[in-house]
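So the chains spell out like this:
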Amino acid sequence: MNKKIRLIALLLALTLIITGCSSSPEGKGNTPDITTEKVDDTNSAEEDGSVSAAGEGSSAAPGSEASSDVAGDASASGEGSSSESSSPTDGSASEAAASADGAGTETADAADDSASGTATELPEIIPGEENYEEWYSDMVEASIVSTGNNARLKKVIEKARAGSEIRVAAIGGSVTEGAGAVVNKEGYAYKFASAFEKNYCPEGAGNMTFVNAGLSGTPSSLGIMRYDRDVVGLLGGAPDLLIIEFSVNDSGEATHGQAYSSMIHRALTDNPDCAVILLFAVFKSKWNMQTNYIPEGEIYELPMVSIKDAIVVPYFNGDLNNDLFFSDEYHPKTYGHQIMSDCLMHLIGLVDREAPETAPEVPEHGIRKVFYEHTTMITADPESLEEGVTLDPGSFTLTDKSVQSMFFTGKAAFAQNFMHDKEGGNDPFTLKLTCKKLLLNFKTSNSKSFGLAEVLVDGAPVAACNGWASGGWNNCNVVSVIDAEESAEHTVEIRMAEGFEDKSFTILSLGYAK
């Protein structure tokens, strides 16, 4: 009988141990869902053989003279073609089936072994007082480089709560565009805009206008060129809140950081109440350019958020890893984008609870000069030519239809361009204008039908631009053509280099500052 009692007791003990091991630990809050997505990795190639942004070699390593970013799922197609499939995942995360509903949300049956417990529903977030698990709370707190001077951001929050019209924009590269997420609209910028509106705007007021001006593979020098068209133009006025994310795009950037500082200065002078937030995304290698750009934010007293700083401890502790955060070498998964949005919302919540400060005067410039603050973009649209600027396309009379699309608009980013007619001779594209800075934005294709062009300023060669690259994906490239301290009259010529007269070359746009 004693043996039977001992056996029963042993079985009961084992049952309790097994039950206890399978239970989640108590005393912890919620963590946003760890979603695992499996996306379509097919993208259509254009007639010239160029591949989508995910093509091999489409990004230069940090420190190179090309943009460090890789386009995620931005289509390399003509106007109106915008793919919603994101970059292929690396497959190393849990491959549990994930189904998306009509809004693009996913649920995961399982996550990999580094994610403990069962994925739960998103918590009801109170910015600055989130009910996250301890490691997640520590992570979003670690992302705060600085809350900066809070006057402008508090004013935006106040306007939002009052139901007044506010304009919100994010500008950057493919991370801002939403690459890596299961669909672009699951990217951090869209998630942040939705969370901000939900938490700070009256329900149903519709008082917030949002623009995502992210464009894959592009640095701040192209961002300042696009600023009037893609930020101010699409918003219908200067932004009240602007997120700038170029920390993984600006390696080798043509203006050496002047465009970045110029964009900050432009936003603050266009609208003295504009709240500018500097966001520092990060590559899988844990690299970004935040050490270059934090000093800019300090000069302007801006709030700053670093994803690089945020993920250090959870990586070390095993609460987070590359398989959970990244879809490839460059882009976050949907979960990584959620983390970025949560870090931004945490910043908003902290500032909301701070005592109000007086807005500082906008400095004359940051660490770098702001020569590019007012950059005018020239395209094949005749209306883009200001008085005193003349243009003769020469043999660059065609329109290239195989160019990047901008996800937010669903249209080609530079539909009105100048493409060399390889059967039309080699008459130079000639531009006459008065300026002190001039940037050239040209297309790179992996089709060998594209070739080398040379750029001359006042008769002297200043640059050679190759329209072909093995990793080209119809992406943008920006080079400095004129970089002077004072404005002067110049004649700029672009022509095919000797031996490449029968090749194509596409001038996407030019940008100049007087």
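Residues numbered from 1 in each chain as written. Predicted model: local features only at pLDDT ≥ 70, side-chain atom pairs only at ≥ 80, totals over all residues. Heavy atoms only, no water.

Take the overall build of the protein next. In terms of helices and strands, the protein carries twelve helices and 18 strands. Burial statistics for the protein: of 514 residues in total, 55% are counted as buried. Surface accessibility of the protein: about 21300 Å² in total, with carbon and sulfur atoms responsible for 50%. (Helix = DSSP H or I, 4+ residues; strand = E, 2+ residues; numbered from the N terminus. Buried < 20%, exposed > 50% of the residue type's maximum accessible area, 1.4 Å probe, protein only. Areas by Shrake-Rupley, 256 points an atom, 1.4 Å probe, with all protein chains shown as cover.)

Here the focus is the pattern of salt bridges. Applying the stated criterion across every chain, the model contains 16 salt bridges. Lysine 159 serves as the salt-bridge partner of aspartate 240, at 3.3 Å between the closest nitrogen and oxygen. Of this pair, aspartate 240 sits in the loop between α6 (220-235) and β6 (241-245) while lysine 159 sits in helix α3 (residues 151-161), and the two are 81 residues apart along the sequence. With relative accessibility at 9%, the residue aspartate 240 sits in the buried group. Residue classification places lysine 159 among the partly exposed positions, given a relative accessible area of 27%. Close ionic contact of lysine 514 with glutamate 386 constitutes a salt bridge, the shortest N to O distance being 3.3 Å. In this pair, lysine 514 is assigned in the segment after β18 (506-513) and glutamate 386 in the loop between β9 (376-378) and β10 (390-392), connecting sequence segments 128 residues apart. On the accessibility criterion, lysine 514 (54% relative accessible area) is exposed. Three or more residues are tied together by salt bridges with common partners; here these are Arg161, Asp352 and Arg353. (Salt bridge = Lys/Arg side-chain N within 4 Å of Asp/Glu carboxyl O.)

Per-chain confidence: the protein averages 82 in pLDDT, with 75% of residues scoring 70 or above. Below pLDDT 50 for its whole length, residues 1-29 participates in four contacts with residues either more than four positions away or in separate chains. Ignoring residues within four places in sequence, the model shows residues 35-123, a span with pLDDT below 50, making 227 contacts including any to other chains. (pLDDT = per-residue confidence, 0-100. Contact = heavy atoms within 4.5 Å.)

Moving on to unusual backbone geometry. One non-glycine residue, glutamate 301, adopts positive backbone phi at about 60°. With respect to the secondary-structure elements, glutamate 301 resides in the loop between α8 (290-300) and β8 (304-306). Even without a glycine there, the phi angle at asparagine 474 is positive, about 65°. Relative to the elements of secondary structure, asparagine 474 occurs in the loop between β16 (460-466) and β17 (475-496).

Okay, α8 next. Those residues of α8 that sit buried are Gln290, Tyr293, Ile294, Glu296, Gly297 and Tyr300. End-on view of α8: buried residues confined to an arc of 160°, all on one side of the axis. Away from the buried face of α8 by more than 90 degrees, exposed residues Thr291 and Glu298 are located. Each element contacted by the buried residues of α8 is listed here: β3 (144-146), α6, α7 (258-270), β7 (275-280), β8 and α9 (307-310). (Arc of directions from axis to C-beta.)

Locating lysine 443 in the fold gives a position in strand β14 (residues 429-444). Of the residues examined, lysine 443 reaches a relative accessible area of 0% and is grouped as buried. Sequence spacing of lysine 443 and glutamine 404 is 39 residues, and the spatial spacing of their C-alpha atoms is 9.1 Å. Here asparagine 474 takes part through its side chain, which lies 3.5 Å from a polar atom of the side chain of lysine 443. (Polar contact = N/O pair within 3.5 Å; in protein donor to acceptor, adjacent residues only side chain to side chain.)

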